[in-house]
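Chain by chain, the residues:
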Amino acid sequence: MKLLHIDSSILGANSVSRELTAAVAGAVRERHAQVETSYRDLASQPLSHLSGEIIGANFIPEADWSATQRSEAANSAAALEEFLNADVLIIGAPMYNFSIPSQLKSWIDRVSVAGRTFKYTDKGAVGLVTGKKAVIVSSRGGVHSSEQGKLMDFQEDYLKSVLGFLGITEVEIIRAEGVNMGEDNRAAAMAAAKAAIAKLAI
Ligand SMILES: Cc1cc2nc3c(=O)[nH]c(=O)nc-3n(C[C@H](O)[C@H](O)[C@H](O)COP(=O)(O)O)c2cc1C
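Described below are features of the structure shown in this document. (Residues numbered from 1 in each chain as written. Predicted model: local features only at pLDDT ≥ 70, side-chain atom pairs only at ≥ 80, totals over all residues. Heavy atoms only, no water.)

## So, the side chain of E82
Put simply, the rule is: Put simply, DSSP H or I for four residues or longer makes a helix, DSSP E for two residues or longer makes a strand, and each gets a number counted from the N terminus. Two N or O atoms count as a polar contact when they lie within 3.5 Å, although within protein this holds only if one can serve as hydrogen donor and the other as acceptor, and sequence-adjacent residues are included solely when both atoms are side-chain atoms.
Positionally, E82 belongs in helix α3 (residues 67-85). A distance of 2.7 Å separates a polar atom in the side chain of E82 from a polar atom in the side chain of R40.

See below:
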């Protein structure tokens, strides 16, 4: 089994999502005999934001590419290949400003490629990335699973929608929320997330 483990938290050793993605990866390795892991740290090695120059390479001959277009095409190809090769994705996705870290959005912009990971037909969009499972590790300082909190959640549903759009519909969410609402809440959230990891069907 090929595992792609992605972290995007900017909080380093204090990160909740990093601790939990590592626990999910550990659980996958415990349950499967042969696991080949690719690891991508989008905070320490960020993919740059998609720019006019980067995407412009699609519309000119390769021979005319700038040095930036060449190196960025290689970065995009590497991210895409890693994504397409994986059987299971573990995505560390903290909530920052009600959404995902911009580093994770940059990764999405590199792997959402018309003709490779989705296509449009006369009946609408079709995801081309099938047969994969994803585990989203969602960490939040506040509580966003409540009716009121959901109104400000552009993180979990967004990620599920993007993955679904690309064809990945088997998605589990491991959530630790309220982690900035005092020590007790944080400890309870971590314990609940770890209990959910122990029960994950992966
Ligand atoms: C830049 C930044 C923005 C944040 N925005 C939110 C937010 O909108 N809602 C929320 O509930 N928590 C917010 N938080 C708290 C984080 O979700 C919380 O610290 C969580 O643990 C982040 O995951 P991580 O520890 O893996 O980075 C924010 C934290 C940071 C650093």
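## A look at the nonpolar core
Counted only if it meets this: We call a set of buried residues a nonpolar core when its members are Ala, Val, Leu, Ile, Met, Phe, Trp, Tyr or Cys and they connect through side-chain atoms within 4.5 Å of each other. For every residue, the accessible area (1.4 Å probe, protein chains only) is compared with the maximum for its type, and the residue is labelled buried under 20%, exposed over 50%, or partly exposed between those bounds. Contacts were defined at the residue level, with two residues in contact if any of their heavy atoms lie within 4.5 Å.
If you look at the biggest cluster of nonpolar residues, it comprises 26 residues, and the most contacted ones within it are F83, L89, L104, W107, L159, L163 and I168. Counting only elements with at least two residues in this core, the list comes to β1 (2-7), α3, β3 (88-94), α4 (102-111), β6 (133-140) and α6 (156-166). Each residue touching F83, except ones within four places of it in the same chain, is listed here: L4, L89, W107, V111, T117, V129, K132, L166 and I168. Grouped together as the second largest cluster of nonpolar side chains are 20 residues, V16, L20, I90 and L200 included.

## Description of unusual backbone geometry
The phi dihedral of N97 falls on the positive side, at around 50°, and the residue is not glycine. Tracing the sequence through the fold places N97 in the loop between β3 and α4. You can call N97 exposed: its relative accessible area is 72%. Of note in the backbone geometry, F98 takes a positive phi value of approximately 75° without being a glycine. Considering the arrangement of structural elements, one finds F98 in the loop between β3 and α4.

## Considering the site of the ligand
Short version of the rule: Throughout, near means a residue has at least one heavy atom within 4 Å of the molecule or strand. Per-residue and other accessible areas follow the Shrake-Rupley method at a 1.4 Å probe size, with only the shown protein chains counted as cover for residues. Three residue categories are used. Nonpolar comprises Ala, Val, Leu, Ile, Met, Phe, Trp, Tyr, Cys and Pro, charged comprises Asp, Glu, Lys and Arg, and polar comprises the others, including Gly.
Around the ligand lies a shell of 17 residues, among which S9, S15, S17, M95 and S139 are the nearest. Here an oxygen atom of the ligand and a side-chain polar atom of S17 are 2.5 Å apart. A distance of 2.8 Å is found between an oxygen atom of the ligand and a backbone nitrogen or oxygen belonging to F98. Protein chains bury 81% of the 620 Å² of accessible surface belonging to the ligand in isolation. Of all the secondary-structure elements, those providing two or more residues to the shell around the ligand are α1 (16-31) and β6. For the shell around the ligand, a count of residues per class yields seven nonpolar, nine polar and one charged.

## Observations regarding α6
Quick reminder of the rule: Each C-beta atom gives one direction from the helix axis, and the arc is the one those directions make.
Burial in α6 covers these residues: E156, L159, V162, L163 and L166. Down the axis of α6, the buried set is contained in an arc of 135°. They therefore lie on one face. G167 lies just past α6 and shows a positive phi near 110°.

## Some words on a nonpolar patch on the surface
For clarity, the threshold we go by: What goes into a patch is any residue over 30% in relative accessible area without a salt bridge, connected to like charges within 9 Å or, for nonpolar side chains (Val, Leu, Ile, Met, Phe, Trp, Tyr), within 5 Å. In the sections that follow, a salt bridge refers to a side-chain nitrogen of Lys or Arg positioned within 4 Å of a carboxyl oxygen of Asp or Glu.
A grouping of L50, I55, F59 and I60 is seen on the molecular surface, where their side chains present a nonpolar patch of about 370 Å² in accessible area. Note on L50: relative accessible area 33%, which makes it partly exposed.

## Examining the sheet that holds β6
What counts, and what does not: Note on pairing: two strands pair once DSSP finds at least 2 bridges between them. Axis definition: a line fit to C-alpha positions, over the contact stretch in the case of helices; interaxial angles, taken between N-to-C directions, run 0 to 180 degrees.
Sheet architecture is open: five strands sit in the order β2-β1-β3-β6-β7, paired in parallel fashion. Sheet topology places β2 (36-41) and β7 (170-177) at the edges, where each strand pairs with a single neighbour. Between one strand and the next, the sheet's axes are offset by a mean angle of 15°, whatever the strand orientation. Bridge analysis of β1 against β2 gives six bridges, and the strand direction is parallel. In the sheet register, I6 faces β2, and the bridge partner there is R40.

## Quick word on the pattern of salt bridges
Under the counting rule described, the total for this entry stands at 11 salt bridges. R18 is the salt-bridge partner of D7, the closest N and O atoms lying 4.0 Å from each other. Separated by 11 residues along the polypeptide, D7 in strand β1 and R18 in helix α1 bring together distant segments of the chain. The class of D7 is buried, set by a relative accessible area of 3%. For E156, the salt bridge identified is with R140, shortest N-O distance 3.1 Å. With E156 in helix α6 and R140 in strand β6, this pair connects stretches of sequence that are 16 residues apart. No difference in accessibility class separates E156 from R140, as the two residues are buried.

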